[in-house]
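Structural characterization, general
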Amino acid sequence: MADVARRFELLGRAATVGRDEFADYQLGEIEEIFTETLPHASPPKEGHPEVLPGLAADFVKVSIPALRTGLQSHDRGKFIDAFAATADACNSCHDASGHGFIEVPPLPNQSIPVTDRPKRK
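What counts and what doesn't
- Residues numbered from 1 in each chain as written.
- Predicted model: local features only at pLDDT ≥ 70, side-chain atom pairs only at ≥ 80, totals over all residues.
- Heavy atoms only, no water.
- Salt bridge = Lys/Arg side-chain N within 4 Å of Asp/Glu carboxyl O.
- Helix = DSSP H or I, 4+ residues; strand = E, 2+ residues; numbered from the N terminus.
- Buried < 20%, exposed > 50% of the residue type's maximum accessible area, 1.4 Å probe, protein only.
- Contact = heavy atoms within 4.5 Å.
- Axes fitted to C-alpha atoms, helices over the stretch in contact; angles between N-to-C directions.
- Parallel < 35°, antiparallel > 145°, perpendicular 65-115°, else oblique.
- Left-handed = near helix turned anticlockwise from the far one by under 90°.
- Nonpolar A, V, L, I, M, F, W, Y, C, P; charged D, E, K, R; others polar.
- Core = buried A, V, L, I, M, F, W, Y, C linked by side-chain atoms within 4.5 Å.

Taken as a whole, this structure holds six salt bridges when the rule is applied. Of the charged contacts in the structure, one is a salt bridge between E31 and R68, with a shortest N-O distance of 3.2 Å. Separated by 37 residues along the polypeptide, E31 in helix α2 (residues 20-37) and R68 in helix α3 (residues 52-73) bring together distant segments of the chain. On the basis of relative accessible area, E31 is assigned to the partly exposed category, the value being 25%. A relative accessible area of 22% places R68 in the partly exposed class. What emerges from the salt-bridge pattern is a single network uniting D3, R7 and E29.

In structure tokens:
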């Protein structure tokens, strides 16, 4: 999942500065991880790994197409909305699987400070 996090960050940064081809490449790599790699990976031993297959399938059906549509529209606002919704989906999955301490920022190029973090609902 660290690879997904890095590629998601690169996707957001690239889309923000108009590097659509690179952003689309990163999105394709994320999709490949979710469709080809994760289904064959060993689940984590901690938390609630039983929720992961369904949430990963939802991510592929909802988040990937929304991000792709946002990129292809060349509408920064539409992409930002899709990025924020995807970050929310990631954080919801982390919460559900017992890994809520792993937080994804809701906007490209935004970091979450180590201290004074607001509690997610």
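By the element assignment, T86 lies in helix α4 (residues 76-96). Apart from the residues within four sequence positions on either side, T86 is in contact with F8, F59, S63 and L67.

Attention now moves to the packing of helix α1 (residues 2-16) against α2. Two elements in contact, α1 and α2, have axes whose closest approach is 8 Å; the angle formed by their N-to-C orientations is 155 degrees. Taken together, the axes of α1 and α2 lie roughly antiparallel to each other. Crossing of α1 against α2: the hand is left-handed. On the side of α1, the interface is formed by D3, V4, R7, F8, L10, L11, A14 and A15, while α2 contributes F22, A23, Y25, Q26, L27, E29, I30, I33 and F34. Per-class residue counts for the contact of α1 with α2 are 13 nonpolar, one polar and three charged.

Now for the nonpolar core. One finds F8, L11, I30, L67, L71 and F79 to be the most contacted residues of the largest nonpolar core, which totals 22 residues. Put simply, the parts of the chain that give this core at least two residues each are α1, α2, α3 and α4. Ranked by residues supplied to this core, first place goes to α4 with six residues. Residue contacts for F8: discarding those within four places in its chain leaves I30, L67, F83, T86, A87 and V104.

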